Each structure stands twice: as structure tokens, then as C-alpha cells.
Amino acid sequence: MTSKIADNLNHVRVRIAAAASRSGRDPSAITLVAVTKYASSGSIAALIDAGCLDLGESRPQQLWQRAVEFADRGVRWHMIGHLQRNKVARTMPLVSLVHSCDSLRIAAAIDQAVEQASQQVDALLEVNISADPAKGGFAADEVAPALDQLAGLSRLRIRGLMAMAGKPDDAVAARADFRRLRELRDQLRANCPPSVGLDELSMGMSGDFEVAIEEGATIVRVGSALFEGEDA
Ligand SMILES: *Cc1c(COP(=O)(O)O)cnc(C)c1O
């Protein structure tokens, strides 16, 4: 199992590097977050052994458990799924980046929880870039006013935007969604409050991370492509 996971990781890294060079970008500017939500503990350990230390979970309870299980391994945990306010206080001390800040209410709750723990937390605003009624996140035209409000928070630091493609198995549609997210970010830069950063674009999953990199992703969130063939 160890070598299968290491092979998968190597293969994904090669694909990341190829997509980066196709678009004239430095592969080291792209962070791979391994999404472990369906992976076994043994596979996660193999991934850590192979040097992949950015791990993402979409469910807070699972993140809590695994943060304990893999404590002292140098893991940087990424919260990539919807977060409820009653889970914020317990989650914040464990994470290095929240990708899924999807409402002003949750942003305020994060800021408050972090204030109590006297630290800061980096977060991305999740944007419903495909305008899918079944998806969460800020509508594209809600992001600019949200940034103005969030600029006043002292502990929550916005670092960029996150989105999912509307149809992840359709590379053409996914590319259009990712391009829209990058263009939105570029437009927002013109009037961006100084305390808000917009450098990070978290977009791209197993089925579309190469397209996302070609469109400017700085963070890709890859699950199944890393764990295929694992004997859990
Ligand atoms: C599950 C998940 C991923 C990874 O999906 P794969 O298709 O397995 O690579 C990425 N982002 C989010 C928000 C997810 O929930």
C-alpha cells in the first residue's frame, strides 16, 4: 500500500508540474492539498511518509479525529467543507487554512473564536462560481461587499478565493468556471481593502486539477487520484 500511495502522489505531482509548465508557471507555486475524507488511516500515514503534509478534510469531526491521530507529524490541516458555527471553536486551533468561508456569519464566528484563542487564521472565501442553486458560497456579485465587511475583522485574514466547478467531469465547463473565478479575483484587486489578500485561488479536484492550474490555481484539492488502488 505504501508504495502504491507514493506512486500515486508522484504521478499527481508530475501532472501538476506538466500543467504548470504548459501555462508558463512555476510548479512550486502550486500547493497540493491531499483530501483524505475517503482514505484509510494507513493510506494517510503512507502519504505523510511520502512527504505530503498538506491534508484536507471536509467534515470537522473527522478533521478533529485525524488531527489527534496524526499529531506531531507536521501536518498542515485544511478545512475544505461547510463549517457550522458550533464547530468553529474546536476546529480553528487545528487548521492552517479554512477554504470554505461561505457566509459573513461564519466569518464572524471564526474571527470571534480565534480572538478568544489569541491567534490568527487564514481563510478563503468560497464562491459559488457556477451559480448552482444546490451549492453554498458567496454569489460572484456578493464577494466585493463581503470583502469590505471582512476587512474590519482582526483575526480572520482573507487570502483568496475557493470554488468548485459546476460539473467536475466536464473539462470545458470546468475551465470556464475556473477562468471566471480568476477574472473575478483580478477585478476585485482593483478595490481590495489593504488587509485582504487575494493571491490564493483554491480550485481543481481529481477530475479537473490540470485545467484549474492552467487557469491560475495556486492550491489544488485532490482526493481520489491519490488514493486509487489503496487496500483500505
Ligand atoms: C472531496 C473534495 C475534494 C476532492 O475530490 P476528489 O474528486 O476526490 O479529488 C476537493 N474539494 C472538496 C471541497 C471536496 O469536498
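This text goes with the structure placed above it.
Reading the values: rules and limits
Residues numbered from 1 in each chain as written. Predicted model: local features only at pLDDT ≥ 70, side-chain atom pairs only at ≥ 80, totals over all residues. Heavy atoms only, no water. Helix = DSSP H or I, 4+ residues; strand = E, 2+ residues; numbered from the N terminus. Buried < 20%, exposed > 50% of the residue type's maximum accessible area, 1.4 Å probe, protein only. Contact = heavy atoms within 4.5 Å. Near = heavy atom within 4 Å. Polar contact = N/O pair within 3.5 Å; in protein donor to acceptor, adjacent residues only side chain to side chain. Areas by Shrake-Rupley, 256 points an atom, 1.4 Å probe, with all protein chains shown as cover. 1 Å grid on protein atoms, 1.4 Å probe; cavity = no way out; pocket = protein on both sides within 12 Å on 5 of 7 lines; lining within 4 Å. Sits in = over half its atoms within 2 Å of the grid points. Nonpolar A, V, L, I, M, F, W, Y, C, P; charged D, E, K, R; others polar.

So, about the overall build of the protein chain. Check the secondary structure of the protein chain and you find 9 helices and 8 strands. Across its three principal directions, the C-alpha atoms of the protein chain cover 50 × 40 × 30 Å. Going through the 232 residues of the protein chain one by one, you find that 48% of them count as buried. In the protein chain, of all internal contacts separated by at least 6 residues, the share reaching a separation of at least 24 is 60%.

Here we take up the site of the ligand. Lining the immediate surroundings of the ligand are Val35, Lys37, Ile80, Met164, Met205, Ser206, Arg221, Val222, Gly223 and Ser224. Residue Arg221 places a side-chain N or O atom 2.9 Å away from a nitrogen atom belonging to the ligand. Here an oxygen atom of the ligand sits 2.7 Å away from a polar atom, N or O, in the main chain of Gly223. Burial of the ligand by the protein amounts to 86% of the accessible area it has alone, namely 390 Å². If you map the ligand onto the pockets, it falls in the largest pocket. Considered class by class, the residues forming the shell around the ligand number 5 nonpolar, 3 polar and 2 charged.

Limitation: the analysis is restricted to geometry and does not speak to function.
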